[in-house]
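Descriptive structure summary
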Amino acid sequence: NTKNRVIGFKVISPGSLTASLVHPREVFRAAMFLDAAALILIHNHPSGDPAPSPEDIEITRRLKEGSDIFGLRLLDHIVLGDGNYFSFSDKGML
């Protein structure tokens, strides 16, 4: 909500061992359905290394552009690894 309290969550893509296909359309459909004011994106890397891939960086850029168009705040994109994480927000990449 507008106070950054979680009002819901939606699994967009369960992924496979090596990849997960995410299209902005599904992300924003879920956000609109939930009447979200902001988004936090989260996914994991089964390899255990949370460093973002070039594809992670590109989809984050596209989702940031889309969130701006829809008037949603993209608060963070977090990549989970083996007991560690990478935050796009913490690294100034949003």
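The structure we're discussing is the one just above.
Residues numbered from 1 in each chain as written. Predicted model: local features only at pLDDT ≥ 70, side-chain atom pairs only at ≥ 80, totals over all residues. Heavy atoms only, no water.

**Some thoughts on the packing of aromatic side chains**
All told, the structure shown has two aromatic pairs when counted by the stated rule. When the centroid spacing of 5.1 Å and the interplanar angle of 40 degrees are considered together, the rings of Phe-28 and Phe-70 count as tilted. Pair noted here: Phe-28 is in helix α1 (residues 24-33) and Phe-70 is in helix α2 (residues 54-70), with a separation of 42 residues, a long-range link. A relative accessible area of 6% places Phe-28 in the buried class. Residue class for Phe-70 comes out partly exposed when judged on its relative accessible area of 47%. With a centroid separation of 5.2 Å and an interplanar angle of 85 degrees, the aromatic rings of Phe-86 and Phe-88 are classed as edge-to-face. According to the relative accessible area criterion, Phe-88 is buried, its value standing at 1%. (Phe/Tyr/Trp six-rings, centres within 6.5 Å; stacked < 30°, edge-to-face > 60°. Helix = DSSP H or I, 4+ residues; strand = E, 2+ residues; numbered from the N terminus. Buried < 20%, exposed > 50% of the residue type's maximum accessible area, 1.4 Å probe, protein only.)

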